[in-house]
Amino acid sequence: GGKGGGGGGDDGDFAPIPVPKTAEELPIYAHKEAILQHIREFRITHIQGETGCGKSTQVPKYIMQDAEDRHKRGEGDGVTKIVVTQPRRMAAITLARRVASELGEEVGKTVGYKISGDAVAGKLCFVTTGFLLQVLVNQPEEFATYTHVILDEVH
């Protein structure tokens, strides 16, 4: 709505974020190899980038693809079990749907989500921060099965 903004709905004070046509057009793509290299070498990787740059949707896909590529070269077993936290339930579901769509799949094949009261399985799972805390407290053995834990929206 409003003067010269773009899409419908109330954008508030935020300019609309242009939606890139492909994952390669996202700003984070230029840093893909450096990110993967850091993740391989260090237990903790801190990534900071503008909203909409692709952190939440692309980094988990990079990790899965890298593990699969390395497995094809005889390095590692290719297995990933990635959990990505989101502060809100709706964000976990929306991101799961978006990433599944980018992979050309339905939610429940590779990508899932787990929020209190609702769960769809996947080797890449978007969860609420509260859900992950419950796993840590009540099922520490389950937490130990994750190959990668991505804490998103940690401000």
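Okay, so let's go over this structure. (Residues numbered from 1 in each chain as written. Predicted model: local features only at pLDDT ≥ 70, side-chain atom pairs only at ≥ 80, totals over all residues. Heavy atoms only, no water.)

### Re the nonpolar core
- Ranked by internal contacts, the top residues of the largest apolar core, which has 23 residues, are Ile 63, Ile 82, Val 111, Leu 124 and Phe 126.
- Elements with a contribution of two residues or more to this core: helix H1 (32-41), helix H2 (55-72), strand S1 (82-86), helix H3 (89-102), strand S2 (111-115) and strand S4 (124-128).
- Among the elements that line this core, the one with the most residues is H3, at six residues.
- Residues Cys 125, Leu 132, Val 135 and Tyr 146 belong to the second largest nonpolar core, which totals six residues. (Core = buried A, V, L, I, M, F, W, Y, C linked by side-chain atoms within 4.5 Å. Buried < 20%, exposed > 50% of the residue type's maximum accessible area, 1.4 Å probe, protein only. Helix = DSSP H or I, 4+ residues; strand = E, 2+ residues; numbered from the N terminus.)

### Some points on the packing of H1 against H2
- Between H1 and H2, whose axes approach to 10 Å, the crossing angle comes to 70°. Overall, the two elements H1 and H2 adopt an arrangement that is roughly perpendicular. Across from Lys 32, Leu 36, Ile 39 and Arg 40 in H1, the residues of H2 making contact are Val 59, Tyr 62, Ile 63, Asp 66 and Arg 70.
- Split into classes, the residues belonging to the contact of H1 with H2 amount to five nonpolar, no polar and four charged. (Axes fitted to C-alpha atoms, helices over the stretch in contact; angles between N-to-C directions. Parallel < 35°, antiparallel > 145°, perpendicular 65-115°, else oblique. Contact = heavy atoms within 4.5 Å. Nonpolar A, V, L, I, M, F, W, Y, C, P; charged D, E, K, R; others polar.)

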